[in-house]
Amino acid sequence: MSRARRAIAATVTMAIASMTLTACFEESSPHDAVRDFLVGWQSNDYALAAGRTDADQEKVRRALADAKLQLDAASFRFKIKSLKVEGEESRAEFGVEVDLGDNNPLWTYEGVLPLHLVDGQWKVRWSPSVLHPQLKEGQRFAVKSEPQPRQPIVDKDGNSLQDQTFLYVTGVVPSQLGDRAEQVVEQLTEITGYAEDRLLSRIRSAPPNVTVPLVTFGRTRYLQVKSKLDAIPELKTVPQEQPVDPDDPKQIVGKVSALTPETEQKLGGPQRAGDSIGQSGLQQAYQDYLTGSTRTTVITLDLKTGREVAALQEWPGRQNISVRTTIDSSVQAAAERAVSETRTSALVAVKASTGEILAVGSKGLHQEKDALAGRFPAGTAFSIVAADALLKGGVSPKQKLPCPAERTVGGAKFVHASQVTGASPTFQENFAKGCVTALASLARRVSGEELAKSAHNFGIGQTWRLPLKSFSGSLPKVSSDADKAKAIAGQNVEVSPLSMALIAGAVASGTWRPPLLVTEPNSPDATAEASPSPAVQPVPVDPRVRKALVSMMRAGSVGTPAQNGRGRVYGVTAKGVGEDRQMAWFVGWQGDVAVAALTRSYDPAAVAGYFFAALDDRS
């Protein structure tokens, strides 16, 4: 006996070691016959298995080999459960595990081996029921697969954020192939690059009179190979509508493609022809929910008619569902309109009272990588957070602060392009105008720990959870006057448009809240039994501080293009941001909609104004 066969034999017979059997077997015992039959079946040594039966050995070998093909089985495993002997008759009961591949569940069932003595040798009394108790003469196994169409990603009101588009699914009807199955598959493999053995096994395991989908094409690829496919008469290609063409916000929703040989091999899951694969954004993050999993049924078929006789086991698969987002399509349209005239910009709008992301618009920047996860210098927009620490530390909005063109604090030099008008501008006026030199002068009025605490309370550095990449911001540890001055001026602070929109929402509503983009399902992980508890909790803003900040941010928007709409706007503009001083922020809110607009070589307050005006036009 080979080493491999001995190992398998040990696996098969291990379960019987604890059974109460006679201490020793006769020269030819039923145990040996059971062991050899199951070992041969499990190890694909069908000659060994057939040699332990009372039937024509070629017939048994073919039946065992066909069973594996008909089930498209990766493997069989067996466990002997009992063995009874009554004179010249014996009966072995055993458990079966069949790995159906393609990430389908294991098929488990109970089998029976009837044995009898033939010329002094124990033999398995062969019949199809040895393979499964319900399999009869003139029948075969088959696996029926029913993939579900892709579900859409929807906005907060349930409206689809994709348009329907056609994918093209090519397949065959096995009974119409005759003896050309291998030739057809070989030709299809040459066209598509799919593994020949996988395509062939799907054909052989399927019911003969149903169309078996084999390959899915996007429109462009289909038109490239259409003439080659048409030259193979057995192939049938049908268009299939699926929600895969993203609407705004396109990069948040993400792209979808047809299944390819590369993605099938990479994913290694239950994906089959007819499926679509999310390549980016929410389509990729929620792939398993949007496509669900294939309903799989093991059945028996009548060999003459090809009709289904019985369903032996069914796995309904995981139900695919749509993904509901917090995106408000009308707010998204306003965001797209607001950034349309710029060359480089990003705008994120959130619902101040909940943290829900309502819209993500961009022009020349990526909606996920930049608007949600970008790392940009905060500039004086960070003075909203610094003001929280300063106001708590006793600085009054009415305190007089000069705004010189240059100032040095702790050895760090600060420059402001234009002075704030008035003989003695106040902290509020310098805040509203973004005077770097005035704000930096307050470094000695606050500690590094107090700045860090305020930053944390406004979400900077918080570990919130979104299904897409995002950045909550970062503030380095500061202690020197120079470092504190840089922090107050936002020169050593990095933020994203999303994190700044949430800061505006905190002042607007009185509570900082973590962002929310998807409301259903609870987690991108379709296998999770329960959603994880929130890692970040809302943080209330000190009411006294908020009252002052509201007044200061109202002063920051008055007389700016941000006030283009009919509603009252609150906010602050930070200009001359970044090494080339070409970037600028507007951070503020109108009503319950908080916004952060980041632009290059364009007035961000104007972008915010266009956005709020577009919101007003809805009513």
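Residues numbered from 1 in each chain as written. Predicted model: local features only at pLDDT ≥ 70, side-chain atom pairs only at ≥ 80, totals over all residues. Heavy atoms only, no water.

1. A word on empty space enclosed by the protein
Then step 1. Within this structure, the stated rule accounts for 3 cavities of 30 Å³ or more.
Then step 2. The computed volume of the second largest cavity comes to approximately 50 Å³.
Then step 3. If you trace the second largest cavity, you find it lined by Val350, Lys351, Ala352, Gly355, Ala501, Leu502, Gly505, Ala506, Thr511, Trp512 and Arg513.
Then step 4. For the lining of the second largest cavity, the secondary structure elements donating two or more residues are strand S15 (345–351), helix H19 (497–509) and strand S21 (511–512).
Then step 5. If one sorts the elements of the lining of the second largest cavity by residue count, H19 sits on top with 4 residues.
Then step 6. Tallied by class, residues from the lining of the second largest cavity come to 6 nonpolar, 3 polar and 2 charged. (1 Å grid on protein atoms, 1.4 Å probe; cavity = no way out; pocket = protein on both sides within 12 Å on 5 of 7 lines; lining within 4 Å. Points joined across faces, edges and corners; volume = space filled by probe spheres on them. Helix = DSSP H or I, 4+ residues; strand = E, 2+ residues; numbered from the N terminus. Nonpolar A, V, L, I, M, F, W, Y, C, P; charged D, E, K, R; others polar.)

2. A word on the packing of aromatic side chains
Working definition: an aromatic ring pair is given by the centre-to-centre distance plus the angle between the planes.
Then step 1. Per the counting criterion, the structure on display carries 13 aromatic pairs.
Then step 2. Arranged with centres 4.7 Å apart and planes meeting at 40°, the rings of Trp41 and Phe78 form a pair that is tilted. In this pair, Trp41 sits in helix H2 (residues 30–42) while Phe78 sits in strand S1 (residues 75–86), placing the two residues 37 residues apart along the sequence. For the pair Trp41 and Phe78, one class covers both residues: buried.
Then step 3. Consider the rings of Tyr570 and Trp589, whose centres lie 4.8 Å apart with planes at 10°: the pair is stacked. Of this pair, Tyr570 sits in strand S24 (residues 569–577) while Trp589 sits in strand S25 (residues 583–590), placing them 19 residues apart in sequence.
Then step 4. The class of Tyr570 is buried, set by a relative accessible area of 17%. (Phe/Tyr/Trp six-rings, centres within 6.5 Å; stacked < 30°, edge-to-face > 60°. Buried < 20%, exposed > 50% of the residue type's maximum accessible area, 1.4 Å probe, protein only.)

3. Side note on the state of the cysteines
Then step 1. This model, assessed by the stated rule, comprises 1 disulfide.
Then step 2. Each sulfur of the disulfide joining Cys403 and Cys435 lies 1.9 Å from the other. A torsion of 105° about the S-S bond marks the disulfide between Cys403 and Cys435 as right-handed. Taken as a pair, Cys403 in the loop between helix H14 (383–392) and strand S18 (406–409) and Cys435 in the loop between helix H15 (427–433) and helix H16 (436–440) lie far apart in primary sequence, 32 residues in all. Here the two residues Cys403 and Cys435 agree in accessibility, since each one is buried. (Disulfide = S-S within 2.5 Å.)

4. A few points about the nonpolar core
Then step 1. In this structure, Ile357, Phe427, Leu498, Leu517, Trp585 and Val587 are the most contacted members of the largest nonpolar core, which totals 93 residues.
Then step 2. No other element matches H19, which puts 9 residues into this core.
Then step 3. Once residues within four sequence positions are removed from consideration, Leu517 is found in contact with Ile252, Leu282, Arg324, Thr325, Thr326, Ile327, Ile357, Leu466, Pro467 and Leu468.
Then step 4. Among the nonpolar cores identified, the runner-up in size contains 37 residues, and Ala33, Leu71, Leu135 and Val143 belong to it. (Core = buried A, V, L, I, M, F, W, Y, C linked by side-chain atoms within 4.5 Å. Contact = heavy atoms within 4.5 Å.)

5. Quick word on the pattern of salt bridges
Then step 1. What the rule picks out here adds up to 22 salt bridges.
Then step 2. Lys392 is paired through a salt bridge with Asp388; the nearest N and O atoms lie 3.3 Å apart. Here Lys392 pairs with Asp388, and both are found in helix H14, just 4 residues apart, close to one helical turn.
Then step 3. Each of Asp32, Arg35, Asp36 and Arg52 takes part in salt bridges that share partners, so that together they form one network. (Salt bridge = Lys/Arg side-chain N within 4 Å of Asp/Glu carboxyl O.)

6. Things to note about the packing of H14 against helix H20 (residues 543–557)
The relative placement of two packed helices is expressed as an angle between their axes plus a distance between the axes.
Then step 1. Between H14 and H20, the shortest axis-to-axis distance is 10 Å and the interhelical angle comes to 130°. Judged on the interaxial angle alone, H20 and H14 are oblique. For the element pair H14 and H20, the recorded crossing hand is right-handed. Taking contact as the criterion, the partners of Ile384, Ala387, Asp388, Leu391 and Lys392 in H14 are, on H20, Arg544, Val545, Ala548, Leu549, Met552 and Met553.
Then step 2. A breakdown of the residues in the contact of H14 with H20 according to their chemical character gives 8 nonpolar, no polar and 3 charged. (Axes fitted to C-alpha atoms, helices over the stretch in contact; angles between N-to-C directions. Parallel < 35°, antiparallel > 145°, perpendicular 65-115°, else oblique. Left-handed = near helix turned anticlockwise from the far one by under 90°.)

7. Focus on the layout of surface pockets
Then step 1. Considered as a void within the structure, the largest pocket measures approximately 780 Å³ in volume.
Then step 2. Lining the largest pocket are 38 residues, with Thr380, Gly434, Ala574, Lys575 and Gly576 positioned closest to its centre.
Then step 3. Elements that contribute at least two residues to the lining of the largest pocket include exactly strand S19 (412–415), H15, H20 and S24.
Then step 4. The dominant element in the lining of the largest pocket, judged by the number of residues it contributes, is S24, at 5 residues.
Then step 5. Per-class residue counts for the lining of the largest pocket are 15 nonpolar, 16 polar and 7 charged.

8. Quick word on the pairing of strand S7 (residues 162–172)
Then step 1. Relative to strand S9 (residues 236–246), S7 is paired through 10 bridges, and the arrangement is antiparallel. By the bridge assignment for S9, Gly171 is matched with Lys236. (Pairing = 2+ DSSP bridges.)

9. Observations concerning the confidence of the model for the chain
Then step 1. In the predicted model, the chain carries a mean pLDDT of 89, and the fraction of residues at 70 or more is 89%.
Then step 2. Note that residues 1–27 has pLDDT below 50 and, in this model, 31 contacts with residues that lie over four places away or in other chains.
Then step 3. Taken as a whole, residues 261–271 scores under 50 in pLDDT and shows 21 contacts with residues more than four places along the chain or in a different chain. (pLDDT = per-residue confidence, 0-100.)

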